[in-house]
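# Structural description and commentary
What follows is each chain in one-letter form.
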Amino acid sequence: MTELDRVVKPKTKRAKRFLQNREPKLIENVKTAMIVKGGNTNETVTQALKDIYALKKPYAVMYKKKNITRPFEDQTSLEFFSKKSDCSLFLFGSHNKKRPNNLVFGSLFDYHTLDMIELGIEKFVSLHSIKNSKCPEGTKPMLIFAGDVFETDGDYRRLKSLFIDFFRGPTVPSVRLAGLEHVIHFTALDGKIFMRSYKVLLKKSGCRTPRIELEEMGPSLDFVLRRTHLASDDLYKRALKQPKALKPKKKKNISKDTFGTTYGRIHMQKQDLSKLKTRKMKGLKRRRGEKKFR
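Here's a quick rundown of the structure. (Residues numbered from 1 in each chain as written. Predicted model: local features only at pLDDT ≥ 70, side-chain atom pairs only at ≥ 80, totals over all residues. Heavy atoms only, no water.)

Taken as a whole, this structure holds twelve aromatic pairs when the rule is applied. Measuring from ring centre to ring centre gives 6.4 Å for Phe 105 and Phe 223, while their planes differ by 85°; the resulting arrangement is edge-to-face. Note that Phe 105 is positioned in strand β4 (residues 102–109) and Phe 223 in strand β10 (residues 220–229), a separation of 118 residues in sequence. When the centroid spacing of 6.1 Å and the interplanar angle of 75° are considered together, the rings of Phe 150 and Tyr 156 count as edge-to-face. Take Phe 150: its relative accessible area is 1%, and that puts it in the buried class. Joined through ring pairs, the aromatic side chains of Phe 105, Phe 145, Phe 150, Tyr 156, Phe 163, Phe 166, Phe 167, Phe 186 and Phe 223 make up one cluster. (Phe/Tyr/Trp six-rings, centres within 6.5 Å; stacked < 30°, edge-to-face > 60°. Helix = DSSP H or I, 4+ residues; strand = E, 2+ residues; numbered from the N terminus. Buried < 20%, exposed > 50% of the residue type's maximum accessible area, 1.4 Å probe, protein only.)

As structure tokens, this is what we get:
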């Protein structure tokens, strides 16, 4: 049993609150990412890690020291760091002759590696190189994915899920219009993934609805897909499993269609239509001399 696996009893109220925050919950905390530098990095990789950290803040932990590890060969050090900092996502940057400008996006389930996807940086424009106004820290972005491969290809589908988990931010019940000021756009085309970050500008339009303009604020990254390490279907299904308490209870005789419209079914007793009172018309009245026909 390792030092982190042993049962720890809190001695102070602060320690008790800390342990309670890490306990399993019905509604999870916001997914935090740890950003780790490898044993050998260059200026491009270091700046890319800093820029992605700036987009992810405050739900990220940046490790400034170099860590000599290879995620695709040994994940124990990353799993140790994830348990130490309570992170379920990670970004690992490295650079070598065989795989230059390398980034590894990954997710963890129960402090064990779930998915890892390796991307190579082919073109990079930093956040500070684009001299435009920036979004405030902690702004929840809108994520846009363009490209059929995000739906048809298995690797790209997992990459899309990984990007959503990484950049989505906290779950909120409502958002005001002025709060929609950050867009992250991913385009998959010709075997490459283009990541662009924009600030939304609300301009006057002469009516109640403002005119929308997008201004690039950086960072700008062109990726190429390299190696992948994906979890099995059974493990991935187990990671997506929801507790029974969160599943919506089925209500009797109520259903919804694909558009979210609610339909209700009402059960009534059988009616005797012969006793149904209808509107009387003069043309249907019997006269005195008419006989009844059966």
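Once the structure has been displayed, the description carries forward.
Attention shifts here to the layout of surface pockets. Reported here for the second largest pocket is a volume of approximately 350 Å³. Along the wall of the second largest pocket there are 19 residues; nearest its centre are Thr 69, Arg 70, Phe 92, Ser 94 and Asn 96. Looking at the lining of the second largest pocket, the elements that each hand over two or more residues are β3 (89–94) and β4. (1 Å grid on protein atoms, 1.4 Å probe; cavity = no way out; pocket = protein on both sides within 12 Å on 5 of 7 lines; lining within 4 Å. Points joined across faces, edges and corners; volume = space filled by probe spheres on them.)

We now examine empty space enclosed by the protein. Taken as a whole and judged by the stated rule, the model has one cavity of 30 Å³ or more. In this structure, the largest cavity occupies an estimated 110 Å³ of space. Put simply, the parts of the chain that give the lining of the largest cavity at least two residues each are α2 (43–56) and α5 (154–167). Per-class residue counts for the lining of the largest cavity are eight nonpolar, three polar and four charged. (Nonpolar A, V, L, I, M, F, W, Y, C, P; charged D, E, K, R; others polar.)

On the surface, a cluster of positive charge is contributed by Lys 13, Arg 14, Lys 16 and Arg 17. With respect to the secondary-structure elements, Lys 13 resides in helix α1 (residues 13–22). Given the relative accessible area of 68%, Lys 13 is considered exposed. (Patch = residues over 30% accessible without salt bridge, like charges linked within 9 Å, V, L, I, M, F, W, Y side chains within 5 Å. Areas by Shrake-Rupley, 256 points an atom, 1.4 Å probe, with all protein chains shown as cover. Salt bridge = Lys/Arg side-chain N within 4 Å of Asp/Glu carboxyl O. Lys, Arg positive; Asp, Glu negative; His and termini not counted. Charge placed at Lys NZ, Arg CZ, Asp CG, Glu CD.)

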